Amino acid sequence: MTARGVDQAQLADAVGCSQGAISQILTGSTQRSRFLPDIAIYLRVPLEWLKGHGAEEDFEKSALAQIPDADDDFVTLEEVDLDYGLGAAYGDSPVSVQLHKMPRLLMEAMTESPASSLFVTRGVGDSMQPVINHGDLVIIDRSQRTIGRDDQIWALAISGMHTIKRVRIRGSEVRLLSPNPDVGNDVATADEVHVIGKVVFVGRRM
């Protein structure tokens, strides 16, 4: 947090939790917070390192510790290897990051959010076909966390699993929809669902 220049309140706001939740992690009251993957992504550190596995020099030598500035025509986005299941994928795995230069005009057409709120990942599985295929590049906007309109696509964490789904809200019920007719839809309660961000772009090789 010191290296990134953020305090507890700013980190809590960035990952969508309370300042008390951050305080519990810092004081060691909890070591299995469901917010740890989001915190690792935001702070640009490996999840395993954040959980205490690895020495300080491992972080200092990491390419994640030095994110280059973007030029006028391009912005730098991080691709996180925390694969998001198009069915579901467990999120308790090491996180590594590589950097992508993306055209600034393309980013501005997708969202008004700053590049620091965006990250790139890859879809895993077939439940979102043909909208998102296995291996597709997906850009997620962490600044968008409130599900409003039906049928938008969101990155979610549900009971320790990461998933990308089309979402509909019906009262306290969250319906997780799969475009693939061979895959059934799921239902969760609002309390079970942690919104990581909104999917704002999907790209694939032709």
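Residues numbered from 1 in each chain as written. Predicted model: local features only at pLDDT ≥ 70, side-chain atom pairs only at ≥ 80, totals over all residues. Heavy atoms only, no water.

**Considerations on the overall build of the protein chain**
Rules: Numbering of helices and strands runs from the N terminus, with a helix taken as a DSSP run of H or I at least four residues long and a strand as a DSSP run of E at least two residues long. For every residue, the accessible area obtained with a 1.4 Å probe (protein chains only) is divided by the maximum for its type, and the residue is called buried under 20%, exposed over 50%, and partly exposed between those limits. Two residues form a contact once any of their heavy atoms are found within 4.5 Å. A 1.4 Å probe and the Shrake-Rupley method give the accessible areas. Residues count as covered only by the protein chains that appear here.
Scanning the protein chain from terminus to terminus reveals six helices and eleven strands. For the protein chain, buried positions account for 42% of its 206 residues. Put simply, of all contacts in the protein chain between residues at least 6 apart along the chain, 58% involve residues at least 24 apart. Total accessible area on the protein chain stands at roughly 10900 Å², and carbon and sulfur atoms take up 48% of it.

**Points about the packing of helix α1 (residues 8–15) against helix α2 (residues 19–27)**
Just so we agree on the cut-off: In this analysis, axes come from line fits to C-alpha atoms, helices being fitted only over the stretch in contact, and the angle between any two N-to-C directions falls in the range 0 to 180 degrees. Any angle from 65 to 115 degrees is called roughly perpendicular, while one under 35 is roughly parallel, one over 145 is roughly antiparallel, and all others are oblique. By the definition used in this description, the sense in which the near helix is turned from the far one sets the handedness, with an anticlockwise turn below a right angle giving left-handed and a clockwise turn giving right-handed.
At their nearest, the axes of α1 and α2 sit 8 Å apart, and the two run at 115° to each other. Our classification of the angle between α1 and α2 gives roughly perpendicular. Pair α1 / α2 crosses with right-handed handedness. Across from Q8, A9, L11 and A12 in α1, the residues of α2 making contact are Q19, I22, S23 and L26.

**A closer look at the pairing of strand β11 (residues 193–203)**
To be explicit about the condition: Note on pairing: DSSP must find at least two bridges between two strands before they are called paired.
Of all eleven residues in β11, nine are buried; the element is thus mostly enclosed. With five bridges connecting them, strand β6 (residues 137–141) and β11 associate as antiparallel partners. Of the residues in β11, the one forming a bridge with I139 is F201. The sheet contact formed by strand β7 (residues 152–158) and β11 spans five bridges and is antiparallel. Following the sheet pairing, A157 is matched in β11 by H194.

**As for the environment of V183**
Considering the arrangement of structural elements, one finds V183 in the loop between β9 (173–177) and β10 (186–189). For V183 and M128, which are 55 residues apart along the polypeptide, the C-alpha to C-alpha distance reads 8.8 Å. Excluding residues within four positions of it along the chain, V183 makes contact with D126, S127 and S178.

**Quick notes on the environment of N180**
Here N180 is to be found in the loop between β9 and β10. Each C-alpha atom of the pair N180 and M128 lies 5.7 Å from the other, and the pair is 52 residues apart in sequence. Not counting residues within four places of it along the chain, the set of residues in contact with N180 comprises D126, S127 and Q129.

**A word on the pairing of strand β1 (residues 74–80)**
With six of its seven residues buried, β1 lies for the most part within the structure. Relative to strand β5 (residues 118–124), β1 runs parallel, the two sharing two bridges. The residue of β5 that forms the bridge with E79 is V120.

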